[in-house]
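# Tertiary structure, described
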Number of protein chains: 2
Amino acid sequence: MIETTELLKEYQLKATPQRIKIVSMVDEHGHISIEDLYKEMLQEFPSVSLATIYKNINQMIESGLIQEVKIPKTKSVFELIKEPHLHMVCDKCGKIEDISVGTDKVIEEAQRLSGYKIKESFITLRGTCPDCA
Amino acid sequence: MIETTELLKEYQLKATPQRIKIVSMVDEHGHISIEDLYKEMLQEFPSVSLATIYKNINQMIESGLIQEVKIPKTKSVFELIKEPHLHMVCDKCGKIEDISVGTDKVIEEAQRLSGYKIKESFITLRGTCPDCA
DNA sequence: CTGACTGCAAACGTTTTGCACGGTA
DNA sequence: TACCGTGCAAAACGTTTGCAGTCAG
């Protein structure tokens, strides 16, 4: 709770109750869609507006606190920006997990083949999770 | 240059002039957005409708002829489905290139760490292309 | 010839905007 | 207190749908 408030301040965002709730929900869920954010938010703030959610999400993206994750064939979700990681998506239950895997070899190879100077990588893997297998 | 008419028939799609144009534009551009597709299409078919483009793109996706590529911070583009490959996006000029890089090591490692049975991978790398460097 | 495709217009869902009020620093 | 953020309503988008006329097979 105090942690979330600090986090918002670090990113120069006023710590309003709505923002605190948004950030802690993104943190707790790991990945969350606008729709789910709104639904869950309504329980605590029955008159919260979707406009407020969109405005805040966009501000948080601009400040570099969160980012949008675009996943093939599904709606976008948002996550806190942290260490680089990959996304694993379960094709049965739809759950999304982060994992850390070394990708240097692939990136070096891509750099060599393409001549690009690579700065960022976005990797999503789709398959079946252990629970659904 | 591909045999667009043949390709459409292979995927059980009637070869209308509009569809032929759509497929050849996707092929020529490699990656193209709905908006660009529509703009360029208007030159040859001044009364083409956006609805026609959407309907056809969706049908082509269902038939497995093309797929949507979602790229962070930009609008989606569409491409013909072919060999697995990665996408390189230039952060200066925005151009998108395909490259083939072995990703087995990363996928194996991800599989081992997560316990997922991985079926597909989507990789986008962002950096500066040789022309813009 | 017949079902599928096109273009138009309307409907829809999602995201953004403008404004008056209310709350944070 | 001075802003900035919120909620509401309306507007702006992007995409989908229904329908009547047209065309590919």
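Residues numbered from 1 in each chain as written. Chains lettered and ligands numbered in written order. Predicted model: local features only at pLDDT ≥ 70, side-chain atom pairs only at ≥ 80, totals over all residues. Heavy atoms only, no water.

With that settled, the discussion passes to the interface of chain B and chain A. Taken together, the contact between chain B and chain A spans 40 residues of the former and 40 residues of the latter. Summed over both sides, the interface of chain B with chain A buries roughly 3200 Å², with 64% coming from carbon and sulfur. Counting across the interface, chain B meets chain A through four salt bridges. With its nearest N and O atoms 3.5 Å apart, the salt bridge here joins A:Glu120 to B:Arg126. Where the side of chain B that touches chain A is concerned, the elements lending two or more residues are β3 (86–90), β4 (96–99), α5 (104–114) and β5 (117–128) of chain B. (Contact = heavy atoms within 4.5 Å. Buried area = accessible area lost by both parts, 1.4 Å probe. Salt bridge = Lys/Arg side-chain N within 4 Å of Asp/Glu carboxyl O. Helix = DSSP H or I, 4+ residues; strand = E, 2+ residues; numbered from the N terminus.)

What follows is about the pattern of salt bridges. In this structure the tally under the stated criterion is 18 salt bridges over all chains. Here B:Lys39 and B:Glu35 are joined by a salt bridge, their closest N and O atoms 3.2 Å apart. In this pair, B:Lys39 and B:Glu35 are both assigned in helix α3 (residues 34–44), four residues apart and thus about one turn of the helix distant. Its relative accessible area of 47% is what places B:Lys39 among the partly exposed residues. According to the relative accessible area criterion, B:Glu35 is partly exposed, its value standing at 38%. Where salt bridges share partners, they join A:Glu35, A:Lys39 and A:Lys75 into one cluster. (Buried < 20%, exposed > 50% of the residue type's maximum accessible area, 1.4 Å probe, protein only.)

With that settled, the discussion passes to the packing of helix α2 (residues 17–29) of chain B against α3(B). Residues and elements named next belong to chain B. Relative orientation of the contacting elements α2 and α3 amounts to 125°, with a least axis distance of 11 Å. Considering their axes alone, α2 and α3 lie oblique with respect to each other. α3 is crossed by α2, and the crossing has right-handed handedness. Contacts from Gln18, Lys21, Ile22, Met25 and His29 in α2 reach Asp36, Leu37, Glu40, Met41 and Glu44 in α3. Each residue belonging to the contact of α2 with α3 can be placed in one class, and the counts come to four nonpolar, two polar and four charged. (Axes fitted to C-alpha atoms, helices over the stretch in contact; angles between N-to-C directions. Parallel < 35°, antiparallel > 145°, perpendicular 65-115°, else oblique. Left-handed = near helix turned anticlockwise from the far one by under 90°. Nonpolar A, V, L, I, M, F, W, Y, C, P; charged D, E, K, R; others polar.)

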